[in-house]
Amino acid sequence: MARTPRGLCLLALSLLSTAHAFYLPGAAPHDYREGEPVDLFVNALTPMIAGNDNAKLKSLINYDYYNPSFHFCQPEGGPKRQPESLGSILFGDRILNSPYNIKMLQDNATCQLLCVENVPPEDATFINDRILEDYAINWLVDGLPAAEMKEDRRTGELFFDMGFNLGNDEGEFAETPALHNHYDIVLRYHSPSPGVYRIVGVLVWPTSRGGPQDVPTGGGLDCSSDVPPLILSTTQNNTVRYTYRVMWNESDTPWATRWDNYLHIFDPRIHWFSLINAVIVVLFLCIMVSMILLRTVSKDISRYNAIDLSEDVQEDWGWKLVHGEVFRTPQNPMVLSVLVGNGAQLCAMVAVTLVFALLGFLSPSNRGSLATVMMICWTFFGSIGGYVSSRVYASLGGTNKRRNSFLTATIMPTIVFAIVFLLDLFLVAAGSSGAVPFGTLLLIIVLWFGISAPLSAVGSYFGSKHGAIVHPVRVNQIPRQIPPQPTYLRPWATTILAGILPFGAAFVELYFVLSSLFASRAYYAFGFLALTAALVALTTATVTILFTYFILCREDYRWHWRAFLTGGGSAFWLLAYGVVYWMSRLSLDSFSSTVLYFGYLLLLALLDFLVTGTIGFLATYWAVRRLYSAIRVD
């Protein structure tokens, strides 16, 4: 994205008020009076992708705003943490108060001194390295993030890009970056009634002001004159004077739509193209599966059922030949049922979270609300996981119900917690503020093992009470020999081939999701995301049923694990796409950032494998039961 000149930005402020969007509930407006203090909170510094098209993300480490190496001005009495939600903490927010003195509609365009700091050479090196890595400063005013106004080069639209650069490393400053030590803060406000004001936009234009850094004896500060940029020396001590100027700008934008300028969708045509492409793929698959089930299978069923019982026994062929084997207990039914149970729990969590998001209850004003709702849903849907796992285990012929209940409640949380804990150690070693505090980890343990596990046990009890699903055909005592299979129907081949279509339905949207997770880009296109998720689920179900029919026709009755692996095949393409994204959009120099990226990518792929594998298995189970219940077996 290209930055616009300051004059153009100020001129365009009035034009942005014409944007339209729906009201996002979840936060109440704060009504200010003239002269009332307006709190400015600071958040962690995060790496961002620079404005040019070939820019890459250079780090994944967040830093606390008051990290001693930055030497930012601190408020009197020291920084104080602000209350945060569980999701906000997990996503790396570390919100604290600041020394900025802002009062509603006062001190307009007045240059004010914040503080003067001494920066030693080693800290100057640290700051310069962070500038070269395109780190951004993040502020919050009345729940709105401070942003820079930028232009979408594809559409020409102006939008607010959250965060603003720590320094300047473009052009002549590519080798010796300049530190931004002056901030022009533009606060846009709306007056719903006389004497009542609401903040509807926060813009910051940082600049680097070098020259003498001492405080003038006369007390007058000049923030407008032309001065050389401030370049920190890495060989001697540096003096840095931080100043700011607040400008008030009245806007027609009402409080309810103030997030419109922030939640910018980059080229919505790409999203629509992705959806149309996915819909075509799904329709093609559904037509193909319908043709197989309604024509081929119907003909087979009619042929089998038309056999006169008084005639000589005729040899079966195709999928009916394995009717006595198709419901035979697979290998490791315990593991399969535990995976399906946890996958069902994740499916319910994703579905309910998307419903809340579509209804507008996950307001961006409530930072971390998305992750908080996901954690709460995962916790309380433990009963769904226990119930599904118990019934699947009983249907597969399992008998150790207590062990199944215990593993369903503990194995998945343990694996996820172990991965997160190991990644947290890397964050601590790198000095990142994104490391999850011990108290938050303890809260997660309480949620998982104190609430989710007992609910999972309750679900397992009711699942066991309902018992196994009744199968339409009996299982032979002696297992049938399986003939050699063609290469394209081997487990690894079906997993890779079947994963292409669900991944193809989602890969465009996946780019924006990864950019939101790793590049601090706001993503609130939940409508596109929900439609994409529905298409992926439908594609996964149909393609898994299709491949299962193929292997049954080849007299291979080991469909249980094959269905789960085939359904989860998109996870392997997700991993491959993650590697491509790393090569094309990231330039991680530190070992810690690389480990963090691939650790989180592995966690995403694992969760995707569980969700899509469960969808594929349950859809195939339903189809196989319907198929074999429609034939007459002697």
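Quantities reported herein were computed from a predicted structural model and do not represent experimental measurements. For every chain, the first residue of the written sequence is number 1, and numbering continues from 1 along that sequence. The predicted nature of this model means local features are confined to residues of pLDDT at least 70 and side-chain atom pairs, given and counted, to a pLDDT of 80 or more, with totals for whole chains, interfaces and linings taken over all residues. Note that water and hydrogens are dropped before the side-chain values are worked out from all heavy atoms of the structure.

**Examining the sheet that holds strand E5 (residues 135-137)**
Keep this limit in mind: For two strands to be treated as a pair, DSSP must find at least two bridges joining them. Helical segments are the DSSP runs of H or I of at least four residues, strand segments are the runs of E of at least two, and each set is numbered from the N terminus.
The strand order E3-E5-E10 describes an open sheet built from three strands, whose pairing is antiparallel. Two strands close off the open sheet at either side, each with one partner strand: strand E3 (46-47) and strand E10 (164-165). Looking at chain direction, E5 and E10 are connected through two bridges and run antiparallel. Counterpart to Ile 137 in the pairing with E10 is Phe 164.

**Things to note about the packing of helix H7 (residues 382-395) against helix H8 (residues 401-429)**
Basically, it comes down to this: Here, axes are lines fitted to C-alpha atoms. For helices the fit covers the stretch in contact, and angles between N-to-C directions go from 0 to 180 degrees. Left-handed describes a crossing in which the near helix is turned anticlockwise from the far one by less than a right angle; the clockwise case is right-handed. In this description, contact between two residues means that some pair of their heavy atoms is separated by no more than 4.5 Å. Note that Gly is not counted as nonpolar here; it falls among the polar residues with everything else outside the nonpolar set of Ala, Val, Leu, Ile, Met, Phe, Trp, Tyr, Cys and Pro and the charged set of Asp, Glu, Lys and Arg.
Between H7 and H8, the shortest axis-to-axis distance is 10 Å and the interhelical angle comes to 145°. The crossing of H7 and H8 is right-handed. On H8, the residues touching Gly 385, Gly 386, Ser 389, Ser 390 and Tyr 393 of H7 are Lys 401, Asn 404 and Thr 408. In the contact of H7 with H8, the residues fall into one nonpolar, six polar and one charged.

**Concerning the side chain of Ser 389**
The test is simple: Residue exposure (1.4 Å probe, protein chains only): buried if accessible area is under 20% of the type maximum, exposed if over 50%, otherwise partly exposed. Residues adjacent in sequence count toward polar contacts only when both atoms are side-chain atoms; beyond that, a polar contact is any pair of N or O atoms within 3.5 Å, and within protein one must be able to donate a hydrogen and the other to accept it.
By the secondary structure assignment, Ser 389 is in helix H7. Residue Ser 389 is classed as buried on the basis of its relative accessible area, which comes to 0%. Within the local environment of Ser 389, its side chain forms a polar contact with the backbone oxygen of Ser 337, the two atoms lying 3.1 Å apart.

**Thoughts on the sheet that holds strand E6 (residues 139-141)**
Ordered in space as E2-E6-E7, the three strands form an open sheet in which the pairing is antiparallel. If you trace the sheet from one side to the other, it starts and ends with strand E2 (40-42) and strand E7 (144-145), each paired once. Inspection of the sheet shows E6 paired to E7 by two bridges, in the antiparallel sense. The residue of E7 that forms the bridge with Val 141 is Leu 144.

**Observations regarding the environment of Ala 109**
Relative to the helices and strands, Ala 109 resides in the loop between helix H2 (86-90) and strand E4 (111-119). Owing to a relative accessible area of 42%, Ala 109 belongs among the partly exposed residues under this scheme. For Ala 109 and Tyr 244, which are 135 residues apart along the polypeptide, the C-alpha to C-alpha distance reads 9.2 Å.

**Topic: unusual backbone geometry**
In this model, His 71 sits at a positive phi of 60°, which is unusual for a non-glycine residue. Relative to the assigned elements, His 71 resides in the loop between E3 and H2. Given a relative accessible area of 17%, His 71 falls into the buried group. Although it is not a glycine, Leu 105 sits at a positive phi angle of roughly 65°. If you trace the backbone, Leu 105 turns up in the loop between H2 and E4.

**Looking at the pairing of strand E14 (residues 196-207)**
Summarising burial for E14: 10 of the 12 residues are buried, a large majority. Sheet analysis places strand E13 (residues 182-193) next to E14, joined by 10 bridges and oriented antiparallel. Within the sheet, the bridge partner assigned to His 182 lies in E14 and is Thr 207.

**What about the packing of helix H10 (residues 491-518) against helix H12 (residues 559-567)?**
Two numbers describe how H10 lies on H12: the axes approach to 7 Å, and their chain directions differ by 35°. As H10 packs across H12, the resulting crossing turns out to be right-handed. Along its contact with H10, which presents Pro 491, Thr 494, Thr 495 and Ala 498, the element H12 presents Arg 562, Leu 565 and Thr 566.

**What to know about the environment of Asp 556**
Tracing the backbone through its elements, the reader meets Asp 556 in the loop between helix H11 (526-553) and H12. With a relative accessible area of 0%, Asp 556 lands in the buried category. Sequence-wise, Asp 556 and Pro 483 are 73 residues apart; in three dimensions their C-alpha atoms are separated by 7.4 Å. In contact with Asp 556, not counting residues within four places along its chain, are Ile 482, Gln 485, Ile 551 and Arg 562.

**Structural notes on the confidence of the model for the chain**
Rules: Each residue carries a pLDDT value, the predictor's own confidence for that position, ranging from 0 to 100.
Summarising the model, the chain shows a mean pLDDT of 84, and 88% of its residues fall at 70 or more. When pLDDT is averaged over each element of the chain, E2 comes out on top at 95 and helix H1 (residues 6-16) at the bottom at 36. Note that residues 1-26 has pLDDT below 50 and, in this model, 62 contacts with residues that lie over four places away or in other chains.

**Some details on the pattern of salt bridges**
Rule in force here: The term salt bridge refers to a pairing of a side-chain nitrogen on Lys or Arg with a carboxyl oxygen on Asp or Glu at a separation within 4 Å.
On inspection of all chains with the given rule, the structure shows eight salt bridges. Between Lys 58 and Asp 134 there is a salt bridge whose closest N-O contact spans 3.5 Å. Within this pair, whereas Lys 58 is found in the loop between E3 and H2, its partner Asp 134 is found in the loop between helix H3 (121-132) and E5, the two being separated by 76 residues in sequence. On the basis of relative accessible area, Asp 134 is assigned to the buried category, the value being 3%. Through salt bridges that share partners, Asp 556, Arg 558 and Arg 562 make up one connected network.

**With respect to the state of the cysteines**
To be explicit about the condition: The rule for a disulfide is simple: a pair of cysteine sulfur atoms within 2.5 Å.
Counted under the stated rule, the structure contains two disulfides. Residue pairing for Cys 73: its cysteine sulfur links by disulfide to Cys 115, the two sulfurs lying 1.7 Å apart. The S-S bond linking Cys 73 to Cys 115 shows a torsion near -80°; that makes this disulfide left-handed. With a gap of 42 residues between them, Cys 73 in the loop between E3 and H2 and Cys 115 in strand E4 connect regions that are remote in the sequence. One exposure class covers both Cys 73 and Cys 115, and it is buried. When the cysteines of the chain that form disulfides are numbered from the N-terminus onward, they connect as 1-3, 2-4.

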